[in-house]
Every structure is written in C-alpha cells, then in structure tokens.
Amino acid sequence: MKVVVDMDVCQDHGQCVFASPEVFRLSDEGRLLYVAEPDESLREDVEDAADVCPLQAITIED
Amino acid sequence: MSTMDRIVVAGASLGGLRTAEQLRRAKFAGEIVVVGDEPHMPYNRPPLSKEVLAGKAGFDSVAFRPKAAAGDVVWRLGSAVASADLAGRTLTLADGESLSYDGLVVATGLRPRRLDVPGPVGGRHTVRTLDDARALQGALRPGARVVVVGAGFIGCEVAATARGLGAEVTVVEPTPLPLVRALGEVLARALLERHRAQGVRFALGRTVSRFTGTDERVTGLVLDDESRVRADVVVEAVGSLPNVEWLEGNGLDLSDGLLCDEQLRAVGAPGGVVGVGDVARFPNARYDAVARRVEHWSVPGDSAKHAARTLVGAEQEAFAPLPSFWSDQYEYRVQSFGAPGLGAGDVRVLEGDPAGDVLVGYHDGGGRLVGVVALGGAAVVARAAAYRGELSSISAGSAGSAGSAGSSDFSVMQGALS
Ligand SMILES: Cc1cc2nc3c(=O)[nH]c(=O)nc-3n(C[C@H](O)[C@H](O)[C@H](O)COP(=O)(O)OP(=O)(O)OC[C@H]3O[C@@H](n4cnc5c(N)ncnc54)[C@H](O)[C@@H]3O)c2cc1C
Ligand code: SF4
C-alpha cells in the first residue's frame, strides 16, 4: 500500500495521527511525518486516517 | 432484523458519503441509494468560510473523493426527500417519486437560521453551501462594508476572511464577547483582541432591529440601541436549524434534530432507521446520557461508522466519540479536543499566555480535565493533541486516569521537515 500526503494542502491538523499512529506522527514542531509504504495490514487504519483529515490531503495509492 | 436489500441515505454531504462507504466496509452487499437536494457531489464545507472564500483555494478543491468500494452507490442528486412513511418504509421525493427502503440513514444536516427582522433582503448572505460561498465571494471586494451578524465560529471566520480581502468589517453579536459560549471568557477575549488588532469593529451586546435600504437592497442596519451601521454586504451567521421537516408525522422527537439512542437508532422509529452527523441528537457515552447535537466536522465521520454497523446488526459498544473541532482565523488556529462545554465552570490556562500561543483546560465539577482548546500556531495545536490520550481515557463514571499519547517507532519518515 502506498500513502501520499499532499504537503501543499496538509495543515498539520494531526487528526490522521490518532487514526493511524503507526503511519502518521507529528514532530515536536507540530509538522506531519508519515510512513510512505505501510504494511497492508494497516489499510483500515490508513483509510480512517484519510477520512478524518479535514483537508482531505491523504491519498491511498494501491 | 429482516433482510436488507436497499438502504437509502437522505443527505448527500459528509455524513451521507461516509455512511455509504462504511456500509460497504461493514459488508453490506445490497443497494445503496443516496438522495441529496444539492446538485453537487459531496464536498467539504469548512473551506467555504476560509481558504475558498479567501480565493486561496478553488471551488473545485472541496469535492470529496469517494472510495472505490463505494463506486456502485447510486447518487440521486438535485432531488429532496419531501416526506417519509417510516411504518411503510417508503420515502416520497420532491418530484413525486416514491422510494422504498429496508434501512434509512438520516443525514440531512442543518440550514442557516435567518434573522427575522424587517427590511430588504437583497445583499444578505449566509454561508452553508458551495453556492452560498460563491455568491458571497463575489461581494467581498476591498473597501466593501461588510457586517457580520453573529460571532460564532462561522461569523468569526467570515469576518477574518473578509478583512483579509480588504473589506471594512463590523461584527454584531448579542453576547458580551465573541465565541464566549463555546470557549469561555479567556479565549473569547484573546480572540476579540486578535480581531480588533486586524481592524475588525465589534458591536457587542447588540442585536439587529431592522435592515434599511432601497429597492430591496440592504444598505445598513439599525441595532437595538438605535445606532446605525452602514453595509454593502450582510452575512447572517446566527446559528442553524436541523433539516427534519421531511420526517414529521412519524412520531419521532424532532424538537432539536433527530433524537437518537446510544447506537444512533432513531428513538420511536421502527428498526432500521439511524441518524448521522449534524442533524443527529445523540448521547455520548463518554460523558453522560444527555442527547446533544454536535456541529463538529468530526461527528459525521464518527457517527457514520457507528450507524453503518448498527444498520448491519453488528455488536458494538455505545457511541462514545472524542469530540474535536478546529477553526482558522487569520494565521491562528483554534483546536479543541474533548468537551470544553462540560467544563465551562473551571477554566484554566495550562500552557502559554492568552496574549500569545495559549492552551486552555476545561474541568468538570470534580476538577477532572474534560476538554482542551489551543489558540495559536502549529506547536501549541500539537500540544493540545498531546492531551488527547488523557481526554480519551474519560468514560462516564470513570475517575479519569492520565496518560499521554505514546510514540511509536518510525522506520521511514517524510513530510514537512523544514
Ligand atoms: C462554512 C462552514 C464552516 C465550517 N467550519 C468548520 C470547522 O472549521 N471545523 C469543524 O469542526 N466544523 C466546521 N463546520 C461544520 C461541518 O462542516 C459540519 O459539521 C458538516 O458539514 C456536517 O455534515 P453533515 O453531512 O452532517 O451535514 P451537511 O453537511 O449539512 O449535509 C446535509 C446535506 O443534506 C441535504 N439535505 C437537507 N435536507 C434534505 C432533504 N430533505 N432531502 C435531501 N437532501 C437534503 C443538504 O442540502 C446537505 O447537502 C463548518 C460548517 C460550515 C457550513
Ligand atoms: S490530518 Fe490531514 S492536514 Fe492533518 S496532519 Fe494529517 S494529513 Fe495533514
């Protein structure tokens, strides 16, 4: 599974972090960090993360 | 429950879309029909008072991208549900067609309340839909005199955006401070100062008595103290009304949205009717048994997941989302987690200072932290998020134990590191 976050759109809301902490994290400065190719077993969590992003910045590319 | 061949979703916005998607995730294999009165596919509303209204993002940027799993959903757009016969499991659409269902999702959201005072109606706007935002954007020219009535979140955001576009902005608000009901006094004052520093004028503690103008076009307002404010554009941001009229006559409690139980089932309805999103009034088992409507963007998504599982008959605990809300005004963000409203009696500054970046905590009668709100930049918003673990541990009756969000090991990381 491939995850792409449009960093021009992302405003570091961090909602994705709670839905899928294995894949998304905020740095100490509050900037988003993420795993670009997470394990397939995390798909539902990553879908949830994409859903809760207020900017709809997260795309899952299969 | 009898077999379900068709689930109809009324309302084609965030709540409706997410419920359709979640029904597929919950392995519902029957037909899903989403009926929406707007002509558009579901789109995201928050940018309508922020980036999109400011012209920083295009109107096409707000469209949601429905998941592939929901690719076979039937979208009936531009058609309102006119009435429902829940006993007969049939809806009647505005064009007279009837649509039968085995499961019904009520996701018809809210519409803006309008001011009921005398005067012309031309030049008076609200901001709920894409079409509303388009119409308002065309009127927000530099130097335009814009009067925003109502200093809630949408009113404050529109004021900030209009100011950013060079308009002359006045906000009229009946309470003594903007957003004071939602955030309490500390943050309300801090936000008032920020708006004033940007040049926004406030008429606080004032209501609108009438609009003045010519040829059905508003040119000014008269307030309850007989003071006058000139206006080229008026934005009414005075709250919302739930879209529930189409459900009348079925013995439901529609007094403030659709009353739902802890599984989001409509109270008083036959089986197979659930409420989702802004229109639903539901108890949050995390706090108490009182049913409330919650106008936060996070609710349609959370409630869609729960309601979809209820409809397919899955076993699950009572609905207990952790509320979260944000608002953007100028370069500041307001970020809320938990239920500040339940802790309005004991508000403390946890970090920072109201003149700068600040984090405020809301505590219940027992001194337990029930909500946090950050105001400022990305760093303080991230600090608010650090309390999420503690706020998540609250459940009705629990003493509430502290615990912070654990960090995990990252093998590959990328993103905005600069
Ligand atoms: C300008 C604006 C800014 C916002 N900013 C924020 C923010 O910064 N942060 C935040 O947390 N939340 C924000 N919100 C709130 C958030 O957008 C809402 O909580 C969310 O849109 C609710 O989704 P919903 O699907 O429940 O309802 P809605 O989005 O209201 O959708 C209901 C849909 O049903 C349709 N409908 C109504 N009646 C019928 C009928 N009889 N038949 C068929 N269709 C019908 C409506 O036209 C609408 O399309 C904002 C809202 C607005 C309007
Ligand atoms: S939720 Fe969206 S905006 Fe927020 S950090 Fe994640 S990707 Fe960025």
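Being a predicted model, the structure only gives us computed values, none of them experimental.

How each quantity is defined
Residues numbered from 1 in each chain as written. Chains lettered and ligands numbered in written order. Predicted model: local features only at pLDDT ≥ 70, side-chain atom pairs only at ≥ 80, totals over all residues. Heavy atoms only, no water. Helix = DSSP H or I, 4+ residues; strand = E, 2+ residues; numbered from the N terminus. Contact = heavy atoms within 4.5 Å. Pairing = 2+ DSSP bridges. Axes fitted to C-alpha atoms, helices over the stretch in contact; angles between N-to-C directions. Domains from an automatic or database assignment. Buried area = accessible area lost by both parts, 1.4 Å probe. Salt bridge = Lys/Arg side-chain N within 4 Å of Asp/Glu carboxyl O. Polar contact = N/O pair within 3.5 Å; in protein donor to acceptor, adjacent residues only side chain to side chain. Nonpolar A, V, L, I, M, F, W, Y, C, P; charged D, E, K, R; others polar. Buried < 20%, exposed > 50% of the residue type's maximum accessible area, 1.4 Å probe, protein only. Near = heavy atom within 4 Å. Areas by Shrake-Rupley, 256 points an atom, 1.4 Å probe, with all protein chains shown as cover. Core = buried A, V, L, I, M, F, W, Y, C linked by side-chain atoms within 4.5 Å.

What follows deals with the environment of C260 of chain B. Residue and element names in this part refer to chain B. As for its placement among the helices and strands, C260 is situated in the loop between β18 (258-259) and β19 (273-275). The spacing of C260 and G88 is 172 residues in sequence and 20 Å in space, taken between C-alpha atoms. Excluding anything up to four places from it in sequence, C260 contacts R265, A266, V267, G275, A280, R281, F282 and P283.

Strand pairing in a sheet relies on backbone hydrogen bonds, with the paired strands running either antiparallel or parallel. All names here are of chain B. Pairing within the open sheet is antiparallel, and its three strands lie in the order β4-β5-β6. Sheet topology places β4 (81-85) and β6 (98-100) at the edges, where each strand pairs with a single neighbour. The average angle at which neighbouring strand axes cross in this sheet is 25 degrees, direction not considered. Bridging between β4 and strand β5 (residues 90-93) involves four bridges; their strand directions are antiparallel. Within β5, the residue paired with V81 across the bridge is L93.

For the rest of this paragraph, the subject is the domain arrangement of chain B. Residue and element names in this part refer to chain B. Taken domain by domain, chain B holds domain 1 (6-111 + 241-311), domain 2 (114-238) and domain 3 (331-401). One C-alpha centre belongs to domain 1, the other to domain 3, and the line joining them spans 30 Å. Listed per partner, the contact involves four residues of domain 1 and nine residues of domain 3. Between domain 1 and domain 3 lies a buried interface of about 540 Å² when both sides are counted; carbon and sulfur atoms form 56% of it. Contact with domain 3 buries surface across domain 1, with R286, Y287 and R292 losing the most and accounting together for 85% of the total. Put simply, domain 1 and domain 3 have zero salt bridges between them. Between the two partners, domain 1 and domain 3, sit two residue pairs in polar contact (both at pLDDT 80 or more). Tallied by class, residues from the side of domain 1 that touches domain 3 come to two nonpolar, no polar and two charged.

Right, let's talk about the pairing of strand β16 (residues 233-236) of chain B for a bit. Residue and element names in this part refer to chain B. Burial of the side chains of β16 extends over both faces: V233 and V235 are buried on one face and V234 and E236 on the other. Here two bridges tie strand β9 (residues 124-125) to β16, and the two strands are oriented parallel to one another. The residue of β16 that forms the bridge with R124 is V234.

With that settled, the discussion passes to the site of ligand 1. Residues and elements named next belong to chain B. Taken together, 31 residues surround ligand 1, and among them S13, D37, E38, R45 and K50 come closest. E38 places a side-chain nitrogen or oxygen 2.6 Å from an oxygen atom of ligand 1. Summarising the interface, the protein chains cover 95% of the accessible area of ligand 1, which totals 1000 Å² for the free molecule. Partitioned by chemical class, the residues of the shell around ligand 1 number 14 nonpolar, 10 polar and seven charged. For the shell around ligand 1, the two domains that each supply at least three residues are domain 1 (6-111 + 241-311) and domain 2 (114-238).

Looking now at helix α2 (residues 43-52) of chain A. Burial analysis of α2 of chain A places seven of its 10 residues in the buried class, the great majority of the element. In the core, the buried residues of α2 of chain A are packed alongside β1 (2-5), α1 (15-19), β2 (24-26) and β4 (58-61) of chain A together with α1 (14-25) and α6 (298-311) of chain B.

Residue and element names in this part refer to chain B. Counting 48 residues, the largest nonpolar core has L91, L104, W246 and L247 as the members making the most contacts within it. A per-element tally of this core places α6 first, with five residues. Residues in contact with L104, not counting those within four places in the same chain, are V8, L86, L91, W246, G272, V273 and V274. Counting residues in hydrophobic clusters, the runner-up holds 44 residues, among them V52, A188, L191 and V233.

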